[in-house]
Amino acid sequence: MTVAEDTGARRRVAVRAAVRELLLVAALFLAYEAGRMLATGHVTEAMANATHVWDFERALHLPSESAVQGAIIDHRFLVRLANCYYAYVHFPATALALIWMYVRRPALYRWMRRTLACLTAIALVVHLVVPLAPPRMAAVAGLLDTGHLYGPAVYGSPATDTVSNQYAAMPSLHVGWALAVAIVLITAGTGRLRWLWLAHPLITLLVVVATGNHYWLDAIVAVALLTMVLLVLPRPALVTPPAPEIVPPAATVPHPRTPGSWVPEQPREPVGRP
């Protein structure tokens, strides 16, 4: 096989591997959306669960979600910024992190993909078992639907929306995926600034609450499920390249004088006045 043929074969293998991973990730995103649809048709139960969650949070003395929304509701720019973050950052940030890991850190990529897949699968089961209306739809919460009021709106009317299930608030995969992305990026980094990736899940948490899409408890359950997944899945072995070995220069050893060898003496300068 010539060098050109070998290079072409390697390139075809790499392309097939990339296409396979792309299809797997696409299937993960489709499962995220399609699986939520399985929990539709439980409006009464979802509304009742919303009241139970609200009362349980108050019993735990958690801060009211309405206080977070009230802090920005009079500032239209902040409301639209929160809506845009909710609508446009979730999927693209996760996809970009997966692509970067696939190209630069394959071991971490596989770990991240498995983590997201396991977390999503468990979350879909919870969506089926515990249908939950978001606070923007629960009268007991008293929150506004900021997406419909100020835009951009992610969801349509619950009565006519056939694309997404709006009664699958718990757990919040927005928070769960954002935290998973941050953990993997922190693991991949080495400097102190890598901890700034935690800003992504923290901002996501505030955004999902301020927009009325999730309760605090939705985020708490998502973090608990992610922690369980991370404890079960084996962590990848990160191989650090060894530091280059520094070889000290060889010491100069004087050549020993062999017996019988004669070394001419150097002439000495006369001492005294010329």
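Residues numbered from 1 in each chain as written. Predicted model: local features only at pLDDT ≥ 70, side-chain atom pairs only at ≥ 80, totals over all residues. Heavy atoms only, no water.

Chemist: Describe the overall build of the protein, naming the residues involved and giving the relevant values.
Modeler: In terms of regular secondary structure, the protein is built from ten helices and zero strands. Tracing the protein from N to C terminus, the helices and strands come up as α-α-α-α-α-α-α-α-α-α. Put simply, the protein has 274 residues, and 39% of those count as buried. Sequence-distant contacts, at least 24 apart, represent 83% of the contacts inside the protein between residues at least 6 apart. (Helix = DSSP H or I, 4+ residues; strand = E, 2+ residues; numbered from the N terminus. Buried < 20%, exposed > 50% of the residue type's maximum accessible area, 1.4 Å probe, protein only. Contact = heavy atoms within 4.5 Å.)

Chemist: For the pattern of salt bridges, give the residues involved together with the corresponding values.
Modeler: Considering all chains together, one arrives at three salt bridges under this definition. A salt bridge links Arg58 to Glu57; the nearest nitrogen and oxygen atoms lie 3.4 Å apart. Judged by relative accessible area, which is 0%, Glu57 ranks as buried. For Arg58, the salt bridge identified is with Glu65, shortest N-O distance 3.6 Å. (Salt bridge = Lys/Arg side-chain N within 4 Å of Asp/Glu carboxyl O.)

Chemist: Can you lay out the packing of helix α4 (residues 76-88) against helix α9 (residues 199-210) for me, pointing to particular residues and giving the numbers?
Modeler: At a closest axis distance of 9 Å, the pairing of α4 and α9 adopts a crossing angle of 115°. The handedness of the crossing between α4 and α9 is left-handed. On the side of α4, the interface is formed by Ala82, Tyr85 and Tyr86, while α9 contributes His200, Ile203, Thr204, Val207 and Val208. Looking at the contact of α4 with α9 residue by residue, the classes come out as six nonpolar, two polar and no charged. (Axes fitted to C-alpha atoms, helices over the stretch in contact; angles between N-to-C directions. Left-handed = near helix turned anticlockwise from the far one by under 90°. Nonpolar A, V, L, I, M, F, W, Y, C, P; charged D, E, K, R; others polar.)

Chemist: I'd like to hear about a nonpolar patch on the surface, residue by residue, with values.
Modeler: On the surface, a nonpolar cluster with roughly 320 Å² of combined accessible area is contributed by Phe77, Leu78 and Leu81. With respect to the helices, strands and loops of the structure, Leu81 is situated in helix α4. (Patch = residues over 30% accessible without salt bridge, like charges linked within 9 Å, V, L, I, M, F, W, Y side chains within 5 Å. Areas by Shrake-Rupley, 256 points an atom, 1.4 Å probe, with all protein chains shown as cover.)

Chemist: Describe the packing of aromatic side chains, and please don't skip the residues or the numbers.
Modeler: According to the stated counting rule, one finds three aromatic pairs in the structure shown. On the numbers, 6.0 Å between centres and 80° between planes, the contact of Phe91 with Trp177 is edge-to-face. Taken together, the residues Phe91 in helix α5 (residues 90-104) and Trp177 in helix α8 (residues 173-188) connect sequence positions 86 residues apart. For Trp177, a relative accessible area of 0% gives the class buried. Lying over the aromatic face of Trp54, Arg58 brings its terminal NZ or CZ to 4.2 Å of the ring centre. (Phe/Tyr/Trp six-rings, centres within 6.5 Å; stacked < 30°, edge-to-face > 60°. Lys NZ or Arg CZ within 6 Å of the ring centre and 35° of its normal.)

Chemist: Any chance you could break down the environment of Ala182 for me, citing the residues and the numbers?
Modeler: Within the secondary structure layout, Ala182 lies in helix α8. Of the residues examined, Ala182 reaches a relative accessible area of 1% and is grouped as buried. Between the C-alpha atom of Ala182 and that of Trp195, which follows or precedes it by 13 residues, the distance is 8.3 Å. The contact partners of Ala182, leaving out residues within four places of it in the chain, are Trp197, Leu198 and Pro201.

Chemist: Can you tell me about the confidence of the model for the protein, naming the residues and giving the values?
Modeler: Interpretation of the predicted coordinates at a detailed level should be avoided for regions scoring low in pLDDT. Within the protein, residue pLDDT values average 82, and 68% of them lie at 70 or more. Ranking the elements of the protein by mean pLDDT puts helix α1 (residues 3-37) last, at 62, and α9 first, at 97. (pLDDT = per-residue confidence, 0-100.)

Chemist: Describe in detail the environment of Glu65, supporting the description with residues and values.
Modeler: Topologically, Glu65 is positioned in helix α3 (residues 65-72). Glu65 sits in the buried class, given a relative accessible area of 0%.

Chemist: Which residues make up the nonpolar core, and what are the values?
Modeler: Nonpolar side chains tend to gather and get buried jointly when the protein is soluble and globular. By size, the foremost hydrophobic cluster in this structure holds 38 residues, and its most contacted members are Met101, Met112, Leu132 and Tyr215. When near neighbours in sequence (up to four residues on either side) are disregarded, Met112 contacts Thr94, Ala97, Leu98, Met101, Val181 and Val184. (Core = buried A, V, L, I, M, F, W, Y, C linked by side-chain atoms within 4.5 Å.)

Chemist: Kindly report on the packing of helix α6 (residues 106-129) against helix α10 (residues 216-232), identifying the contributing residues and their values.
Modeler: One way to put it is that α6 packs onto α10 with a least axis distance of 10 Å and a crossing angle of 130°. Taken as axis vectors, α6 and α10 run oblique relative to one another. The chirality of how α6 crosses α10 is right-handed. Across from Trp111, Thr115, Cys118, Leu119, Ile122 and Val126 in α6, the residues of α10 making contact are Ala222, Leu225, Leu226, Met228, Val229 and Leu230. (Parallel < 35°, antiparallel > 145°, perpendicular 65-115°, else oblique.)

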